Amino acid sequence: MREPLFVKQNSAKWSSFESFPTNDPDEIADRFIQITDDLAYAKTFYPNSKTTAYLNGLAAGLHQSIYKNKTEKSNRFITFWKYELPLLFKAYQKQLLYSLIFFIVFFLIGVLSAKYDENFVRLILPPEYVDMTNENIAKGDPFGVYKQAGEVPMFFYIASNNIFVAFVNFVAGIIFSVGAVYFLFRNAVMVGTFQYYFFSKGLGFSSVLVIWIHGTLEISSLIIASAAGLVLGNSFLFPKTYNRITSLKKGAKDGMKMVVGLVPIFLTAAFFESFVTRHTEMPVWLSLTILISSLLFMIWYVVIYPNSLSKNLNQYGAKV
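Residues numbered from 1 in each chain as written. Predicted model: local features only at pLDDT ≥ 70, side-chain atom pairs only at ≥ 80, totals over all residues. Heavy atoms only, no water.

Draft legend 1. Focus on the overall build of the chain. Of the regular secondary structure elements, the chain holds 13 helices and zero strands. Reading the chain from its N end, one meets helices and strands in the order α-α-α-α-α-α-α-α-α-α-α-α-α. For the C-alpha atoms alone, the extent of the chain along its principal axes is close to 75 × 40 × 30 Å. Each of the 320 residues in the chain was classed as buried or not, and the buried ones make up 48%. (Helix = DSSP H or I, 4+ residues; strand = E, 2+ residues; numbered from the N terminus. Buried < 20%, exposed > 50% of the residue type's maximum accessible area, 1.4 Å probe, protein only.)

Laid out in structure tokens, this is it:
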């Protein structure tokens with residue numbers, strides 16, 4: 001690999017290490033491993049370059065930090081969501097894009113299958129749920145399912161279930177990334193079938209206004225969780241300049257951070273589904289406001305802000 005390409009592929013990572021120091025011993029050790037791997041590569045192929053000298057100094061600073069006994073900064077919690085998680089989204093934007101594309105394809109498979117096979121809906125969705133919804137439609141309350149349970153029990157059930165599903169999607173990625181794609185397939189086909197079912201009943205627009213109040217955050221997070229599974233699987237399949245074990249450890253750690261970072265979003269989605277979605281009679285403008293605001297937030301936080309943050313790091317970070 002030519003030196004300019006090597007620098008281009010890794011400069012954002014190096015800059016983030018230098019611009020955002022940490023006192024977390026595990027994080028310092030992980031950074032030290034990554035930098036020493038890069039340094040070994042640079043010494044092999046560019047022994048007398050400025051890149052090698054820079055990496056040597058960065059490695060020395062991290063080595064010194066390992067032996068310092070400092071308490072963690074009180075703003076570590078804020079730093080994670082403000083800097084660390086967005087930079088992970090930037091670093092793994094390809095996996096996020098692949099996960100989104102997979103979801104759209106699988107969603108359309110669910111829609112088309114439900115459209116051309118009248119038995120498909122009952123095959124994918126629980127028959128008792130379909131019967132109950134048909135009864136609710138006949139009563140003039142098609143989305144009555146969201147009103148059956150109490151708000152608080154419903155919140156805890158939905159939040160815990162969604163977080164569990166997200167972690168399953170992530171962990172399944174260890175099966176050569178195929179596991180994450182499989183669980184994404186199951187969930188996307190179900191969502192597509194579920195959505196088409198309401199359109200087939202003439203309730204398409206109404207279902208969007210109700211279901212996607214919480215579904216926007218929920219489904220977006222599911223896509224990100226599956227991307228984290230791809231990060232895990234790909235780290236083993238494609239270790240690049242790392243040895244396979246080191247790459248797997250890094251992929252597991254980064255993927256886990258991505259999933260953990262979704263917890264507040266899942267909690268917000270569960271709150272919407274438990275306390276807000278049940279008010280199916282709310283004004284259209286209010287429903288659209290919640291839905292569109294959620295979508296814009298996800299686009300900003302996962303795409304726009306990480307790219308802006310990375311650009312600033314590259315512009316004002318270390319020059320190599």
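Draft legend 2. Structural view of the packing of aromatic side chains. In the structure shown here, the tally under the stated rule is 26 aromatic pairs. Ring pairing ties together the aromatic residues Phe6, Trp14, Tyr41, Phe45, Tyr46 and Tyr54, which thus form one cluster. Between the NZ or CZ atom of Arg244 and the centre of the ring of Phe236, over which it lies, the distance is 5.3 Å. (Phe/Tyr/Trp six-rings, centres within 6.5 Å; stacked < 30°, edge-to-face > 60°. Lys NZ or Arg CZ within 6 Å of the ring centre and 35° of its normal.)

Draft legend 3. Structural context of the environment of Ala269. As for its placement among the helices and strands, Ala269 is situated in helix α12 (residues 263-276). Distance from Ala269 to Ser221, taken between C-alpha atoms, is 9.5 Å for residues 48 residues apart in sequence.

Draft legend 4. Representation of a nonpolar patch on the surface. A surface patch of nonpolar side chains, about 950 Å² in accessible area, is lined by Leu97, Tyr98, Leu100, Ile101, Phe102, Ile104, Val105, Leu108, Ile109, Tyr182 and Phe185. Counting only elements with at least two residues in the nonpolar patch, the list comes to α5 (93-116) and α9 (178-200). It is α5 that contributes the most residues to the nonpolar patch, nine residues altogether. Checked against the element boundaries, Phe185 lands in helix α9. (Patch = residues over 30% accessible without salt bridge, like charges linked within 9 Å, V, L, I, M, F, W, Y side chains within 5 Å. Areas by Shrake-Rupley, 256 points an atom, 1.4 Å probe, with all protein chains shown as cover. Salt bridge = Lys/Arg side-chain N within 4 Å of Asp/Glu carboxyl O.)

Draft legend 5. A look at the packing of α5 against α9. Packing of α5 against α9 leaves a shortest axis separation of 7 Å and a crossing angle of 45°. The angle between α5 and α9 falls in the class oblique. Crossing handedness for the pair α5 and α9: right-handed. Along its contact with α5, which presents Ser99, Phe102, Phe103, Phe106, Phe107, Ile109, Gly110, Val111, Ala114 and Lys115, the element α9 presents Val181, Leu184, Phe185, Ala188, Val189, Val191, Gly192, Thr193, Gln195 and Tyr196. Per-class residue counts for the contact of α5 with α9 are 14 nonpolar, five polar and one charged. (Axes fitted to C-alpha atoms, helices over the stretch in contact; angles between N-to-C directions. Parallel < 35°, antiparallel > 145°, perpendicular 65-115°, else oblique. Left-handed = near helix turned anticlockwise from the far one by under 90°. Contact = heavy atoms within 4.5 Å. Nonpolar A, V, L, I, M, F, W, Y, C, P; charged D, E, K, R; others polar.)

Draft legend 6. Highlighting helix α4 (residues 76-91). Along α4, the sharpest change in direction is near 30° and occurs at Glu84; proline Pro86 comes one to four residues later. Taken together, the buried positions of α4 are Arg76, Phe80, Glu84, Leu85, Pro86, Leu87, Leu88 and Phe89. (Bend = angle between axes of the 7 residues up to and from the residue.)

Draft legend 7. Structural context of the nonpolar core. One finds Phe89, Leu96, Ile224 and Met258 to be the most contacted residues of the largest nonpolar core, which totals 35 residues. Contributing elements (two or more residues each) for this core: α4, α8 (151-172), α10 (204-237), α11 (244-260), α12 and α13 (284-316). Residues in contact with Ile224, not counting those within four places in the same chain, are Phe89, Leu96, Met258, Leu262, Met298 and Val302. Core analysis: the second largest hydrophobic core is formed by 33 residues, Phe103, Ala188, Val191 and Val210 among them. (Core = buried A, V, L, I, M, F, W, Y, C linked by side-chain atoms within 4.5 Å.)

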